[in-house]
Amino acid sequence: MKLHIDIDCFFVSAHRITNPEYENIAIAVGGRSGLSIFDTQKSSKTMSKIEGAFTSAILSNNDHKTFEQYYVDDDKRIRGIITTSSYEARKFGVKTAMSVSEALRWCPHLKVLPPNYPLYHDLSHKFKLLLEKEIPSIEQFSIDEFFGDITGWVDDEDAYDFAVKLKQKIYDDLGLPVSIGVSKSKWIAKVATEFAKPFGVRYIKTQDVPTFIKDIPISEFPGIGKGYQDRLAKYNIQTLGEIETKKELFYSWGKPGIQLYHRVCGTDNEKIAIAQSRKSIGLGRSFDPESDRSEIKRRVTILCRHISFLALKGKHKPMTFSINIRYQYGEKAKDYINTNRGFSELFLKQEMIKLFDRVDTHKSHAIIQLNLTLSNFSENKPTTMNLLSYEEDKKQENLTQSMQKLRDKFGIDIIKSAGELK
């Protein structure tokens, strides 16, 4: 039997733990692109205790800022988007991904809070530790949701009662309201969670799956994105129940179609995924159009400092460096290099600047996004093959390790290079 456990309105619920005055009112948490990374002044940053593609590793705390300080620009424009809203706010039409200014038009009395990412990640980590004690096998699916497998641990007829007790324990221990879906299929359990909200449990028995999915729109099933929705619309398939009646069609689409068909029907028998070791580390930022290449290179240098810190924190030795540029009018450019040199912060900065100069093919266009990636980790292999660079590599590796110790103790902004200053 599988469980899907999802925290209700996670970011809002996190703030309500220590702020009872936020209970039962229309409240939301918004976000903006994390451009404080490029500030010249020191800012509060912490490392996340959780890993995954769904989460950032370097966290900024904006909880101390007022609405005006965080969301209002110098030109008095309200910026940012809604990331989470309370059920009280949703009654007024406030939705995730809606701009903050639009949300305030729909709900003028809405209280919009700046995000506190260290708080969310700390709670997510505690949430995971609690689940590990209660469930034999878990899979973290996002910062606020997990799958759990209780097969052989709890009898099927006791699964609902187990989920109810687990829901209450999470609330009693962490103050977090969760909803839980229960089913033989992990994907049916995930869909069931939406019908359990808020703070409920929904158990879908195998024989009840056809009735349960009959009228659910295809857009509400995980994995059916816009492309698949358009494809299914050509066959006039609008609900999950209609998918169940089209087995031959989905089988004709090969492995992806077969997999989707069985997931929808609850006959997939997929197991909980075991966490894999990281194969790459990425870090990027989007920003307003910027044409000054010296400023862009300064930002590349800053991103290098942060991503180098992450690589060393994870004891990774990357041998492939990649950069991806997005321009104002939709053009993109990317490239990478492979290296057999020892890894250090200075070497990374030097190579990334060279890579940027090479890949920046639209020099008259403003840039709106930078993404850096480190991959091809070689943890236990000798990396320096060039004897001419050996002494310099060892010197830079030792310097980087010394800076890493200081940053571990005093924060990632404690040491900056001159190239990062305006």
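In what follows, the structure referred to is the one given above.
My aim in this report is to walk through the structure given alongside it, one point at a time. Note that residues are indexed from 1 along each chain, following the sequence as it is written. Whole-chain, interface and lining totals are the exception, using all residues; otherwise, since this is a predicted model, local features are given only for residues with pLDDT of at least 70 and side-chain atom pairs are given and counted only at 80 or more. Hydrogens are left out, water is left out, and the side-chain values use all remaining heavy atoms of the structure.

1. Here we look at the sheet that holds strand β11 (residues 280-290)
Selection rule: DSSP bridges decide pairing: two strands pair if at least two such bridges lie between them. A run of H or I in DSSP counts as a helix once it spans at least four residues, and a run of E counts as a strand once it spans at least two, with each numbered from the N terminus. Every axis in this analysis is a line fitted to C-alpha atoms, fitted for helices over the stretch in contact. Angles between the N-to-C directions lie between 0 and 180 degrees. Contacts were defined at the residue level, with two residues in contact if any of their heavy atoms lie within 4.5 Å.
If you trace the four strands from one edge of the open sheet to the other, you get β11-β14-β12-β13, paired in antiparallel fashion. In this open sheet, the two strands that pair with only one neighbour each are β11 and β13 (332-338). Recorded for the sheet is a direction-independent mean angle of 10 degrees between the axes of neighbouring strands. Where helix α14 (residues 345-359) meets the sheet, its contacts fall on β12 (318-327), β13 and β14 (367-377), and the angle it forms with β12 comes to roughly 40 degrees.

2. Remarks on the nonpolar core
Definition in use: Put simply, buried Ala, Val, Leu, Ile, Met, Phe, Trp, Tyr and Cys residues joined by side-chain atoms within 4.5 Å make one nonpolar core. Only protein chains enter the area calculation, which uses a 1.4 Å probe; residues under 20% of their type maximum are buried, those over 50% are exposed, and those in between are partly exposed.
If you look at the biggest cluster of nonpolar residues, it comprises 35 residues, and the most contacted ones within it are Ile 5, Leu 131, Leu 166 and Ile 170. Put simply, the parts of the chain that give this core at least two residues each are β1 (2-7), α1 (10-18), β2 (27-31), α5 (117-134), α6 (159-174) and β9 (178-183). Looking at this core, the element that brings in the most residues is α6, giving six residues. Excluding residues within four positions of it along the chain, Ile 5 makes contact with Phe 127, Leu 131, Ile 135, Asp 144, Glu 145, Phe 146, Leu 166, Ile 170, Val 178, Ser 179 and Ile 180. Counting residues in each nonpolar core, the second largest holds 32 residues, with Ile 37, Cys 304, Leu 348 and Leu 372 among its members.

3. Quick word on the sheet that holds strand β7 (residues 137-142)
What the five strands build is an open sheet, ordered β7-β8-β1-β9-β10; its pairing is mixed. Where the open sheet ends on each side, the last strands, each with one partner, are β7 and β10 (201-203). Neighbour-to-neighbour, the strand axes of this sheet turn through a mean angle of 15 degrees, independent of strand direction. Two strands pair when backbone bridges link them, and β9 and β10 are joined in this way by three bridges, in the parallel orientation. Within β10, the residue paired with Val 182 across the bridge is Tyr 203. Along the sheet, α5 makes contact with β1, β7, β8 (145-149) and β9, crossing β7 at roughly 160 degrees.

4. Considerations on the side chain of Ser 344
Relative to the helices and strands, Ser 344 resides in the loop between β13 and α14. Excluding its chain neighbours within four sequence positions, the residues that come into contact with Ser 344 are Gln 396, Glu 397 and Thr 400.

5. A look at α6
Our working rule: One less than the residue count of a helix, multiplied by 1.5 Å, gives the span that helix is expected to have.
The terminal C-alpha atoms of α6 lie 22 Å apart, and with 16 residues this matches the ideal 22 Å at 1.5 Å per residue to within 8%. On its buried face, α6 sits against β1, α1, α5, β9 and β10. Gly 175, located one to two residues past α6, shows a positive phi value of around 75 degrees.

6. Some points on the pairing of β7
When β7 meets β8, the two strands line up antiparallel, connected through five bridges. For Ile 138, the partnering residue across the bridge sits in β8 and is Gly 148. The loop that links β7 with its antiparallel partner β8 comprises two residues.

7. Here's the deal with the pattern of salt bridges
In plain terms, the rule: We define a salt bridge as a side-chain nitrogen of Lys or Arg found within 4 Å of a carboxyl oxygen belonging to Asp or Glu.
Tallied over the full model, the rule gives 23 salt bridges. Of the charged contacts in the structure, one is a salt bridge between Asp 230 and Lys 226, with a shortest N-O distance of 3.0 Å. Of this pair, Asp 230 and Lys 226 both sit in helix α9 (residues 226-233), four residues apart, roughly one helical turn. Put simply, Glu 295 and Arg 299 hold a salt bridge, and the shortest N to O gap is 2.7 Å. In this pair, Glu 295 and Arg 299 are both assigned in helix α13 (residues 293-313), four residues apart and thus about one turn of the helix distant. Residue Glu 295 shares its accessibility class with Arg 299, and that shared class is buried. Among the ionic contacts, a cluster of salt bridges with common partners joins Arg 32, Asp 73, Arg 79 and Asp 288.

8. Things to note about the side chain of Arg 299
Filter applied, for reference: In the analysis that follows, any N or O atom pair within 3.5 Å is treated as a polar contact, provided that within protein one partner can donate a hydrogen and the other can accept it, and provided that, for residues neighboring in sequence, both atoms belong to side chains.
In this structure Arg 299 comes out as buried when scored by relative accessible area, which is 12%. Within the structure, Arg 299 has its side chain in polar contact with the side chain of Glu 295 (distance 2.7 Å). Sequence-distant contacts of Arg 299, defined by excluding residues within four places in its chain, comprise Phe 38, Phe 287, Glu 290 and Leu 370.

9. Notes on the packing of α5 against α6
So the rule is basically this: Any angle that is under 35 degrees is reported as roughly parallel, and any over 145 degrees as roughly antiparallel; angles of 65 to 115 degrees are reported as roughly perpendicular and all others as oblique. Definitions for this section: a left-handed crossing has its near helix turned counterclockwise from the far helix by less than a right angle. A right-handed crossing has that turn clockwise. Polar here means any residue outside two lists: the nonpolar Ala, Val, Leu, Ile, Met, Phe, Trp, Tyr, Cys and Pro, and the charged Asp, Glu, Lys and Arg; Gly therefore counts as polar.
Between α5 and α6, the least distance of the axes is 11 Å, while the angle of their chain directions is 140 degrees. Classified by the angle their axes make, α5 and α6 are oblique. Crossing of α5 against α6: the hand is right-handed. Contact residues: Lys 126, Phe 127, Leu 130, Leu 131 and Glu 134 in α5; Phe 162, Leu 166, Lys 169, Ile 170, Asp 173 and Leu 174 in α6. Taken together, the residues of the contact of α5 with α6 sort by class into seven nonpolar, no polar and four charged.

10. Some remarks on unusual backbone geometry
With an omega of -5 degrees, the peptide bond running from Lys 197 to Pro 198 counts as cis. Along the polypeptide, Pro 198 turns up in the loop between α7 (186-196) and β10. Located in the positive-phi region is Lys 315, a residue other than glycine, with phi close to 60 degrees. Considering the arrangement of structural elements, one finds Lys 315 in the loop between α13 and β12.

11. Details of a negative patch on the surface
The condition that has to hold: To count toward a patch, a residue needs a relative accessible area over 30% and no salt bridge; like charges are then connected within 9 Å, while nonpolar side chains (Val, Leu, Ile, Met, Phe, Trp, Tyr) are connected within 5 Å. In this description, accessible areas are obtained by the Shrake-Rupley approach with a 1.4 Å probe, and a residue is regarded as covered only by the protein chains that are shown. When charges are counted, neither His nor the chain ends are considered; positive counts come from Lys and Arg and negative counts from Asp and Glu. One atom stands in for each charge, and that atom is NZ of Lys, CZ of Arg, CG of Asp or CD of Glu.
A cluster of acidic residues, Asp 155, Glu 157, Asp 158 and Asp 161, forms a negative patch at the surface. Among the structural elements, Asp 155 can be located in the loop between β8 and α6. Classification of Asp 155 by relative accessible area gives partly exposed; the value is 47%.

12. Describing a nonpolar patch on the surface
A grouping of Leu 406, Phe 410 and Ile 414 is seen on the molecular surface, where their side chains present a nonpolar patch of about 260 Å² in accessible area. Relative to the assigned elements, Leu 406 resides in helix α15 (residues 387-410). Owing to a relative accessible area of 39%, Leu 406 belongs among the partly exposed residues under this scheme.

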